[in-house]
Amino acid sequence: MHTQTSAALAAADLVKTYKGGRGAPPVRALDGLSFAVEPGTVFALLGPNGAGKSTTVKVLTTLSRPDSGSASVAGIDVLRAPDAVRRAIGLVSQKPSGDPMATGRENLVLAARIQGCSGTEATARADRLLARFALTDAADRLVKTYSGGMARKLDVALGIVHAPRVLFLDEPTTGLDPEARAEMWGEIERLAVEEDVTVLLTTHYLDEADRLAARLAIVDAGRVVVEGTPEELKRELRGDTVVVEVGEDDVPAGLAALSGVRGLADVTVDRATLRARADGGAGAVPAVLAALETAGIGVLSVTVARPSLDDVYLRHVGRAMEVAA
Ligand SMILES: Nc1ncnc2c1ncn2[C@@H]1O[C@H](COP(=O)(O)OP(=O)(O)OP(=O)(O)O)[C@@H](O)[C@H]1O
């Protein structure tokens, strides 16, 4: 497979093995990973811990070299022209990038100066970004006094101070409260829609990928196991999803009972929640309730819904997404 230069981001057959250390076997973090992202869109990489998402971001941002395969960013080959790639991208990593002992404005002005802006231009850019992320009122406060949501917005502002064409966001909303997450989602959407920035997002939140990503790839064991638009991936799962909540002690018996119900498929467990796909949708509920009653299991709730990205994830990864604290 060749790297597609028309895509804003492309990875082709990336392989990366880390040394195990202390006699441990080597770890194949990337095992033939490929995907491509259209310009001006948000693309999400989802996957369990250790799937290879951060390693992919490291390769695409020139922080790590693959053993084999190729990759390009903004049409530039990552291995042949890493300096040009670095100028074209912004990276917002999981760790805060601002200096906590400086103000938001000072951080932004310094970042713009480092990118080669004059003093006047740096001040103007800092003001624009502070206004854009609703941080103007807090501009002259030390970053260490910022709330989690404000600090994260400043991280993103710092990541786009040089107007990159491609922005990498590594778990941008982990640890934020629902209001701050919603605000951050709005900012990310605007970057792609209004400013034509291509965004590669890694996330542990399926609702985040569903809401923001034009396309997404689920990564497991260093490979893309499935890729598509959230709608396509959900549509591929036939039928509806029946979700049954039972007491935790009843889970094994509940699983056995549901596995015997005709018309149900892919019965899975996530803590005290049993999920199954049902071709007949709500029509399956009486048979589900009867099977559980026969097995002597008390049902706390039953819902029937169209498949969600959780169902897509369960189907392809075989276990529920672990949400980081
Ligand atoms: N520097 C390193 N040395 C050795 N092994 C590493 C190194 N970095 C990552 N790995 C291993 O490579 C695999 C992929 O890790 P990676 O960080 O890319 O996964 P991830 O999908 O980003 O996980 P998470 O969601 O936990 O951030 C894991 O098994 C990890 O332990």
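Fair warning: this is a prediction, and the values are worked out from it, not measured in the lab.

1. Remarks on the UniProt feature "domain: ABC transporter" (unreviewed entry) in the chain
In step 1: Within this structure's numbering, the places UniProt gives as "domain: ABC transporter" (unreviewed entry) are residues 9-246.
In step 2: The distance from the first to the last C-alpha atom of residues 9-246 is 44 Å, and the span holds 35% helix and 29% strand.

2. Considerations on the pairing of strand β12 (residues 264-270)
In step 1: Inspection of the sheet shows β12 paired to strand β13 (residues 273-278) by five bridges, in the antiparallel sense. The residue of β13 that forms the bridge with T268 is R275.
In step 2: Between β12 and β13, which pair antiparallel one after the other, the connecting turn spans two residues, and R271 there sits at a positive phi close to 55°.

3. Focus: the domain arrangement of the chain
In step 1: Per the domain assignment, the segments making up the chain are domain 1 (9-234) and domain 2 (238-306).
In step 2: Each of domain 1 and domain 2 has a C-alpha centre, and the two are 39 Å apart.

4. As for unusual backbone geometry
In step 1: At E171, a residue that is not glycine, the phi angle is positive and equals roughly 50°.
In step 2: If you trace the backbone, E171 turns up in the loop between β7 (166-170) and α6 (178-195).
In step 3: One non-glycine residue with positive phi stands out, namely D196, at about 60°.
In step 4: Secondary-structure assignment places D196 in the loop between α6 and β8 (198-203).

5. Considering helix α5 (residues 148-159)
In step 1: Over its twelve residues, α5 runs 17 Å from end to end, which matches the ideal 16 Å to within 8%, given 1.5 Å per residue.
In step 2: α5 sits mainly inside the fold: ten of its twelve residues count as buried.
In step 3: By the burial criterion, the buried members of α5 are M150, A151, R152, K153, L154, D155, V156, A157, L158 and G159.
In step 4: In this fold, the buried residues of α5 make contact with β6 (89-92), α3 (104-114), α4 (119-132), β7 and α6.

6. Observations regarding the sheet that holds strand β5 (residues 76-77)
Where strands meet in a sheet, backbone hydrogen bonds hold them as pairs that are either parallel or antiparallel.
In step 1: Spatially, four strands are ordered β2-β1-β4-β5 in an open sheet, and the strand pairing comes out antiparallel. Among the strands making up the open sheet, the edge pair consists of β2 (27-37) and β5.
In step 2: As paired strands, strand β1 (residues 9-18) and β2 are joined by eight bridges and run antiparallel to one another. Bridging from a neighbouring strand, L9 pairs with V37 of β2.
In step 3: Sheet strands touched by helix α1 (residues 53-60): β1, β2 and β4 (68-73). Its angle to β1, the strand with the most contacts, is close to 115°.

7. What to know about the site of the ligand
In step 1: Residues in close proximity to the ligand include Y18, V27, A29, G47, N49, G50, A51, G52, K53, S54 and T55, which together make up its full environment.
In step 2: Listed by contribution, the elements that provide at least two residues to the shell around the ligand are β2 and α1.
In step 3: Take the shell around the ligand: its biggest share by element is three residues, from α1.
In step 4: For the shell around the ligand, the residue count by class is four nonpolar, six polar and one charged.

8. So, the environment of G23
In step 1: Looking at the element boundaries, G23 is found in the loop between β1 and β2.
In step 2: For the pair G23 and D210, spaced 187 residues apart in the sequence, the C-alpha separation amounts to 41 Å.

9. Focus on the sheet that holds β6
In step 1: Spatially, β6-β7-β8-β3-β9-β10 is the arrangement adopted by the six strands of the open sheet, whose pairing is mixed. In this open sheet, the two edge strands, each paired with only one partner strand, are β6 and β10 (223-228). Geometrically, the sheet is characterised by an average inter-axis angle of 15° between neighbouring strands, direction not taken into account.
In step 2: Packed on one face of the sheet, helix α11 (residues 309-317) meets β3 (42-46), β9 (215-220) and β10 and runs near 35° to β9.

How each quantity is defined
Residues numbered from 1 in each chain as written. Predicted model: local features only at pLDDT ≥ 70, side-chain atom pairs only at ≥ 80, totals over all residues. UniProt positions renumbered as here; feature names shortened; annotations may be inferred. Helix = DSSP H or I, 4+ residues; strand = E, 2+ residues; numbered from the N terminus. Pairing = 2+ DSSP bridges. Domains from an automatic or database assignment. Expected span 1.5 Å × (residues − 1). Buried ≥ 20, exposed ≤ 12 C-beta atoms within 10 Å, placed from the backbone. Contact = placed C-beta atoms within 7 Å. Axes fitted to C-alpha atoms, helices over the stretch in contact; angles between N-to-C directions. Near = placed C-beta within 6 Å. Nonpolar A, V, L, I, M, F, W, Y, C, P; charged D, E, K, R; others polar.

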